[in-house]
Amino acid sequence: MSNSVENRSLGATSLSAALIAALIGTIVIYAIGIATYNENGIPNADDVMRLVSMRDLIAGQNWFDPVQYRLGLDSGTLMHWSRLVDGPILAFYSLAFWFTGNIETAETFAKFAWPATTLFIALLGVNVACNRMGRPEMRAPATIIAATCFMTIGIFNPGALDHHNIQVALSVWLVALLLPSVNHQVVAYTGAGIIAILMLAIGMETLPYVTLAGVWVALAFLIGAVSAKSVQAFGLAFAVTSVVVMVLTVDPAAFLAEYCDAYSIFHLGMSCAGGLGLAVASRFARSFNARLLGLAAIAILAVAILVIAFPQCLSNPLSSLDPKLIEFWLEGVVETRSIADLWTSDPYALFGMFGMAIVGLMASIYLSISNAGSVRSFATLCTGMLIAATCVTAWQQRGSMFAASFAILPLAFVVTDLRARYQRTESLGALLKMASVGIVSFNMFWWVLGANAAKIFSDTPTLQEQAASASPRDYCYTEDVYDILAEQPKGVVLGATDIGASILNYTQHRALAGPYHRNTEGNLVMIEALLALPNDAENILRNAGVTIIADCVNSVDARDFKRAEPQGLQAALHNQNIPAYLRMIPETKGQPLVLYQVVK
């Protein structure tokens, strides 16, 4: 009895320490974020669109209706974003509005509270991982490495309403709960199953890591490294949560709709098959051969379901895009750049994208080779996650946020060991090793290294430097440039994809184009209209119901259209060869955003 009481006391103490460490890290990092926050800086279009979605919910749009009616053609655009993110943001807004009664204050509170909460969740996950490993001495280095990492990747900054912050936070928790531990393993695996589905439902970017988590649990069960009850808990939680998420976020009328890029019957079917299969196998398969047979049957069933029922989800959804969309939109999306794109356009960014992840991977491999037991299991799990995230980053740079996050624990483990070695020996060599590994564990070190290398070896500014020196107003990102547009009669606005979300945010118009892959038709109409000869563009504009052209004269789109078609409508507008069916709104002449009414 005394041992049980002592364990509970230690557990409560460890949890309290984890909460305090996460809270301190959040306060410090967020104080820096608030001090450097620029409300009029260049916004992330996804953050803006999330704010627009919240306003639509407040205005009465149905919770189960994911259509953005003011984006694209007449029918709007069916968005693939999850209400699992909209819900908490709306809750923060509602809480602030209930207290203040002021809409602007409520929105500001939501823009600060959501990223701060997700940052706290992520840091708490890091500290819980230290507790589960039985290494409380790791908390300080892990929290410091994690805090600087999360600050550098930018997704936890004030105003970040996009879903990447909660995805990264949940991925940290997924690893933390799958770590080998003698305490509460069944509860931890239950939580891991729930979190895996939440990650998947929020965004398909996490599919590789959720899949790897399932494979990890299956292999651990196969070799007897985890109890059957823990595996059963993971499988049941995985399956049950997949149903609950479906019920809570998807319109019953759309239960049978098949989508590969948004949570749908495809994900429900695969999750139930895998989760229930694991639960059944762990309940009845006792011998190694029986476990192997059961897992093989689950794999065959999953592959059969995928190939027979959902073969379309085996292909890249972006591969079928119109060539014009690829050339004038997708190739300009920063987060989808591959390692080859970076090598040719911004090679020094490779330091920041891969530095921390590669060092973390090296640390994980070292720990898995040089240790046994639970440390080897921990290192092997981190190695798998880091390999997956690094490969994703090589394909699309958006994977870098996960790669850096998965590197936190193995790097903190090595730094902690080196610190203990220095404390024992007090030798200069041990101190230098600890300091060296500590420095390369910081994501900020790699970004600074890349920036300095660019200054020394290149005359071309990096994309980060270009973004930092760009004027938000010149690129049509500040509210004042939309004042005249907001005063115009409600209509359909043709503008660059980059300003689509801003048009929705600052006006009541419908934006024809926006940086979202499901709005292919609206984006294509915009591209074709601005590339077409002025006389040919008239029919395109009228057929799409366009009432206003919003020409952001400094936009990347405008530059690309003029280069591709010097005789096209975009070039004609910039050369003041305005066709008869357009009338410039005089007040916007010489402004960053020039408006042209389509004359009836």
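This structure is a prediction, so every number in the text was calculated from the model and none was measured. Within each chain, residues carry numbers counting from 1 in the order of the written sequence. This being a predicted model, a pLDDT of at least 70 is required before a residue's local features are given, and a value of 80 or more before pairs of side-chain atoms are given or counted; all residues contribute to the totals for chains, interfaces and linings. Only hydrogens and water are set aside; all other atoms, that is, all heavy atoms of the structure, feed into the side-chain values.

Enquirer: An account of the overall build of the protein is needed here, citing residue identities and associated values.
Expert: Counting secondary structure elements, the protein contains 25 helices and 7 strands. In this treatment the radius of gyration is a C-alpha quantity, and the globule benchmark scales as 2.2 Å times the residue count to the 0.38 power. Its C-alpha atoms give the protein a radius of gyration of 26 Å, within 12% of the compact-globule value 25 Å for 600 residues. Look at the contacts in the protein between residues 6 or more apart in sequence, and 70% of them connect residues 24 or more apart. Roughly 26,800 Å² of accessible area belongs to the protein as shown, and the carbon and sulfur atoms make up 64% of that amount. When charges are counted, neither His nor the chain ends are considered; positive counts come from Lys and Arg and negative counts from Asp and Glu. Where a charge lies is defined by one atom per residue type: Lys uses NZ, Arg uses CZ, Asp uses CG and Glu uses CD. Measuring between centres, the 33 positive side-chain charges of the protein sit 12 Å from its 41 negative side-chain charges. Helix and strand definitions follow DSSP, with helices as H or I runs of at least four residues and strands as E runs of at least two, each counted in order from the N terminus. In what follows, a contact means two residues having at least one pair of non-hydrogen atoms within 4.5 Å. Note on areas: these come from Shrake-Rupley sampling with a 1.4 Å probe, and a residue is covered only by the protein chains present in the view.

Enquirer: Outline the nonpolar core, listing residues and values.
Expert: What is meant by a nonpolar core is a set of buried Ala, Val, Leu, Ile, Met, Phe, Trp, Tyr and Cys residues, joined one to another through side-chain atoms within 4.5 Å. Relative accessibility under 20% of the residue-type maximum defines a buried residue, over 50% an exposed one, and the middle range a partly exposed one, all with a 1.4 Å probe and only protein chains included. In terms of nonpolar packing, the biggest core is built from 114 residues, with Phe-150, Leu-174, Leu-178, Tyr-209, Met-356 and Phe-378 touching the most fellow members. Leave out the neighbours within four places in its chain, and Phe-378 touches Met-133, Leu-179, Pro-180, Leu-367, Leu-409, Pro-410 and Phe-413. One finds Met-526, Leu-530, Val-546 and Leu-582 within the second-largest nonpolar core, a separate group that totals 32 residues.

Enquirer: Got a sec to walk through the packing of helix 2 (residues 45–58) against helix 3 (residues 83–100)? Specific residues and values, please.
Expert: Between the N-to-C directions of two axes lies an angle of 0 to 180 degrees, each axis being a line fitted to C-alpha atoms and, for a helix, fitted only over the stretch in contact. Relative to each other, helix 2 and helix 3 sit at 70°, their axes nearing to 10 Å. Classified by the angle between their axes, helix 2 and helix 3 sit roughly perpendicular to one another. Judged by residue contacts, Arg-50, Ser-53, Met-54, Leu-57 and Ile-58 of helix 2 engage Arg-83, Val-85, Asp-86, Ile-89, Leu-90 and Tyr-93 from helix 3. In the scheme used here, Gly and all other residues not listed as nonpolar or charged are polar, with Ala, Val, Leu, Ile, Met, Phe, Trp, Tyr, Cys and Pro taken as nonpolar and Asp, Glu, Lys and Arg as charged. Of the residues contributing to the contact of helix 2 with helix 3, the split by class is 7 nonpolar, 1 polar and 3 charged. By the definition adopted for this analysis, an angle is roughly parallel if under 35 degrees, roughly antiparallel if over 145, roughly perpendicular if from 65 to 115, and oblique otherwise.

Enquirer: Just give me the short version of unusual backbone geometry, but keep the residues and values in it.
Expert: Peptide bonds are, in most cases, trans, and in most cases residues other than glycine have a negative phi. Unlike most non-glycine residues, Cys-476 shows phi in positive territory, near 65°. With respect to the helices and strands, Cys-476 occurs in the loop between helix 19 (463–469) and helix 20 (483–487). Under the relative-accessibility criterion, Cys-476 is labelled buried at 0%. One non-glycine residue with positive phi stands out, namely Gln-576, at about 65°. Within the secondary structure, Gln-576 is located in the loop between helix 25 (569–574) and strand 6 (582–584).

Enquirer: Summarise the pattern of salt bridges; cite the residues concerned and give the values.
Expert: When a carboxyl oxygen of Asp or Glu is within 4 Å of a side-chain nitrogen of Lys or Arg, the pair counts as a salt bridge. This model, assessed by the stated rule, comprises 13 salt bridges. Among the ionic pairs, Arg-510 bridges to Asp-74, the shortest N-O distance being 2.9 Å. With Arg-510 in strand 4 (residues 510–511) and Asp-74 in the loop between strand 1 (67–68) and strand 2 (77–78), this pair connects stretches of sequence that are 436 residues apart. Judged by relative accessible area, Arg-510 falls into the buried class, the value being 14%. On the basis of relative accessible area, Asp-74 is assigned to the exposed category, the value being 67%. Here Glu-137 and Arg-135 are joined by a salt bridge, their closest N and O atoms 3.9 Å apart. Each member of the salt-bridge network shares a partner with another, and the members are Arg-50, Arg-83 and Asp-86.

Enquirer: Break down the confidence of the model for the protein for me, with residues and values.
Expert: Within the protein, residue pLDDT values average 92, and 96% of them lie at 70 or more. Counting interchain partners and residues more than four positions distant, the pLDDT-below-50 stretch residues 1–10 has 0 contacts. Confidence scores labelled pLDDT are given residue by residue by the predictor and lie between 0 and 100.

Enquirer: Tell me about a nonpolar patch on the surface, and please be specific about residues and values.
Expert: Residues Ile-20, Ile-24, Val-28 and Ile-32 make up a contiguous nonpolar surface patch of roughly 350 Å² in combined accessible area. Take Val-28: its relative accessible area is 45%, and that puts it in the partly exposed class. Only residues whose relative accessible area exceeds 30% and that take part in no salt bridge are eligible for patches, with like-charged residues grouped when within 9 Å of each other and nonpolar side chains (Val, Leu, Ile, Met, Phe, Trp, Tyr) grouped when within 5 Å.

Enquirer: How would you summarise the state of the cysteines if you had to cite specific residues and measurements?
Expert: Two cysteine sulfur atoms make up a disulfide if the distance between them is within 2.5 Å. Throughout the structure, instances matching the rule amount to 2 disulfides. With its sulfur 1.9 Å from that of its partner, Cys-260 forms a disulfide with Cys-313. With the S-S bond torsion at -85°, the cross-link from Cys-260 to Cys-313 turns out left-handed. Placement of Cys-260 in the loop between helix 9 (228–249) and helix 10 (265–284) and of Cys-313 in the loop between helix 11 (288–309) and helix 12 (323–328) is noted, with a sequence separation of 53 residues between them. The class of Cys-260 is partly exposed, set by a relative accessible area of 27%. Looking at Cys-313, the relative accessible area reads 18%, which means it is buried. Each sulfur of the disulfide joining Cys-476 and Cys-552 lies 2.2 Å from the other. Here Cys-476 and Cys-552 share a disulfide; its torsion about the S-S bond, 105°, makes the bridge right-handed. In this pair, Cys-476 is assigned in the loop between helix 19 and helix 20 and Cys-552 in strand 5 (residues 548–552), connecting sequence segments 76 residues apart. By relative accessible area, which is 3% here, Cys-552 ends up buried. Sequence-ordered numbering of the bonded cysteines in the protein yields a pairing of 1-2, 3-4.

Enquirer: Would you mind going over the packing of aromatic side chains in detail, with residue names and values included?
Expert: Pairing of aromatic rings covers Phe, Tyr and the six-membered ring of Trp, with a centre-to-centre limit of 6.5 Å; geometry is then stacked below 30 degrees between planes, edge-to-face above 60, and tilted otherwise. Evaluated as defined, the whole model comprises 15 aromatic pairs. Plain terms: the ring middles of Tyr-37 and Phe-112 are 5.2 Å apart, the flat faces sit at 75° to each other, and that makes the pair edge-to-face. One end of the pair, Tyr-37, is in the loop between helix 1 (2–35) and helix 2; the other, Phe-112, is in helix 4 (residues 103–132), with 75 residues separating them in the sequence. Centre to centre, the rings of Phe-234 and Phe-238 are 5.8 Å apart; their planes meet at 15°, and the pair counts as stacked. With Phe-234 and Phe-238 both in helix 9 and 4 residues apart, the pair spans about one turn of that helix. The residues Phe-234 and Phe-238 share a single accessibility class, namely buried. Directly above the aromatic system of Phe-284 lies the positively charged group of Arg-283, at a separation of 5.3 Å from the ring centroid. Charge over a ring is defined by NZ of Lys or CZ of Arg lying within 6 Å of the ring centre and within 35 degrees of the ring normal. Above the ring of Phe-221, the side-chain terminus of Arg-291 is found at 5.7 Å from the ring centroid.

Enquirer: Could you give an account of the pairing of strand 7 (residues 593–598), naming the residues involved and the relevant values?
Expert: Walk down a regular strand and you will see the side chains alternate between the two sheet faces. Among the 6 residues of strand 7, 5 are classified as buried, and the element is accordingly described as predominantly covered. Taken together, the 5 bridges between strand 5 and strand 7 define a ladder with antiparallel strand orientation. Paired with Ile-548 across the bridge in strand 7 is Gln-597. Paired strands, as defined in this entry, are two strands with at least two bridges between them according to DSSP. Strand direction decides the pairing type here: strand 6 and strand 7, joined by 3 bridges, are antiparallel. Bridge pairing links Met-584 to Tyr-596 in strand 7.

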